[in-house]
Amino acid sequence: MRRSGRRRSLLVTGGSGLLGSHLMRLPALADWDIVAPPSRLLDVRDAAAVEEQLRSWKPTAVAHLAYRRDDPRTIVQGSANVARAAAAIGARLVHLSTDLVFAGRPEPYTELDEPSPIIDYGRWKASAEAEVVAGCPDAVVVRTSLIYATDVASPPQADVEAALTGRSAMRFFTDEVRCPVHAADLAAAVVLLAERRDVTGPLHAAGPDARSRADIAARRARWMGLDPFRVPLASLAESGLVRPGHLVLDCARARKLGLACRSMDDALAR
């Protein structure tokens, strides 16, 4: 927690996660007071506690980044609680969502497309989006894609390293396409949106490149000094798994707002 008595304050849920940790280090937050309570002090599933704490802290803005991938109560009810509490005190709300609210298709998805989830996590996040919009109509709902980092270990990096060192049987699909985004770029977008109350509703913010999981893994391996040609490959179509295949977000609206995310080539350049 960082507080200095300055006028503006930002409350961050999920501040210890990959995105939250990058957000907390941004120079752009130097003139903000930051409140980032751990989950043991702010359980977003507890509506009364969330309301009480937000009324106590009175943040100017809230960045709701917290989630538990296998816990629908945290994802859906927790988001609803944060949205209602933020609205009650007039705080700006930036809510983080995911591209997995969509089923996948050859064409990119825009903010005008209706959610069409085909996996549980996507369904829960789509429900969370609906709760946020209902509880805090002026919130911005940021849909993003695979988040990676270069200054700290991230889940994608760990997956690749484990597969190449024989500690995991994971395979990387050649026909599953996403738009990877660097955590620092996404964090900068969250901070900018915390100041832009005129931006509401869904907003797509992801990397500019549509890359397969296999290609992403190969690039990560090369960056880590490992052999990219040893990345174990597979096909989503042949796996029998039900999950989105080609899933690309159209981020034209975000770019017009000045929210630019680097390509993997640029982000991984040494």
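Residues numbered from 1 in each chain as written. Predicted model: local features only at pLDDT ≥ 70, side-chain atom pairs only at ≥ 80, totals over all residues. Heavy atoms only, no water.

J.: Before we go on, may I ask you to explain unusual backbone geometry in this structure?
T.: Trans is the prevailing form of peptide bonds, just as negative phi is the prevailing case for residues other than glycine. One non-glycine residue, Lys58, lies in the positive phi region at around 50 degrees. Within the fold, Lys58 resides in the loop between helix H2 (47–57) and strand E3 (61–64). Overall, Lys58 belongs to the exposed group, its relative accessible area being 59%. (Helix = DSSP H or I, 4+ residues; strand = E, 2+ residues; numbered from the N terminus. Buried < 20%, exposed > 50% of the residue type's maximum accessible area, 1.4 Å probe, protein only.)

J.: When you look at the pairing of strand E4 (residues 92–98) in this model, what are you seeing that I'm missing?
T.: Note on strand geometry: in a regular strand, side chains alternate between the two faces of the sheet. The buried fraction of E4 amounts to seven of the seven residues, a majority that puts the element mostly inside the structure. Side chains of E4 alternate between two faces, with Arg92, Val94, Leu96 and Thr98 and Leu93, His95 and Ser97 buried alike. Note that E3 and E4 share four bridges and pair parallel. Within E4, the residue paired with Ala63 across the bridge is Val94. In the classification by handedness, the crossover that spans E3, the intervening helix H3 (residues 72–89) and the parallel E4 is right-handed. Of the strand pairs in this sheet, E4 and strand E5 (residues 140–144) are connected by five bridges, and their pairing is parallel. Counted as the bridge partner of Thr98 is Thr144 from E5. Viewed along the sheet, the connection from E4 through helix H4 (residues 120–135) into E5 turns out right-handed. (Pairing = 2+ DSSP bridges. Right-handed = clockwise from strand over helix to strand, strands pointing away.)

J.: Help me understand the packing of aromatic side chains, please; the structure alone is not making it clear to me.
T.: The description of an aromatic ring pair uses the distance of the two centres, along with the angle that the planes make with each other. Applying the stated criterion to the full structure yields two aromatic pairs. Centroid distance Tyr67 to Tyr121: 6.1 Å. Interplanar angle 55 degrees. Geometry classified as tilted. Of this pair, Tyr67 sits in the loop between E3 and H3 while Tyr121 sits in helix H4, placing them 54 residues apart in sequence. Judged by relative accessible area, which is 10%, Tyr121 ranks as buried. It is Arg105 that lies over the ring of Tyr109; its NZ or CZ is 4.1 Å from the centre. (Phe/Tyr/Trp six-rings, centres within 6.5 Å; stacked < 30°, edge-to-face > 60°. Lys NZ or Arg CZ within 6 Å of the ring centre and 35° of its normal.)

J.: Honestly, the sheet that holds E5 in this entry has me stumped. Any pointers?
T.: Strand pairs in the sheet, formed through backbone hydrogen bonds, run parallel or antiparallel to each other. Spatially, the six strands line up as an open sheet ordered E2-E1-E3-E4-E5-E10, and their pairing is parallel. Of all the strands in the sheet, the pair left with one neighbour each is strand E2 (33–35) and strand E10 (201–204). Looking at each pair of strands side by side, their axes are set apart by 20 degrees on average, direction ignored. Here strand E1 (residues 9–13) pairs with E3 via four bridges, running parallel. Counted as the bridge partner of Leu10 is Ala61 from E3. Taken strand by strand, H3 contacts E3 and E4, and its axis lies near 175 degrees from that of E3. Strands in contact with H4 are E4 and E5; relative to E4, the strand with the most contacts, it is inclined by about 160 degrees. (Axes fitted to C-alpha atoms, helices over the stretch in contact; angles between N-to-C directions. Contact = heavy atoms within 4.5 Å.)

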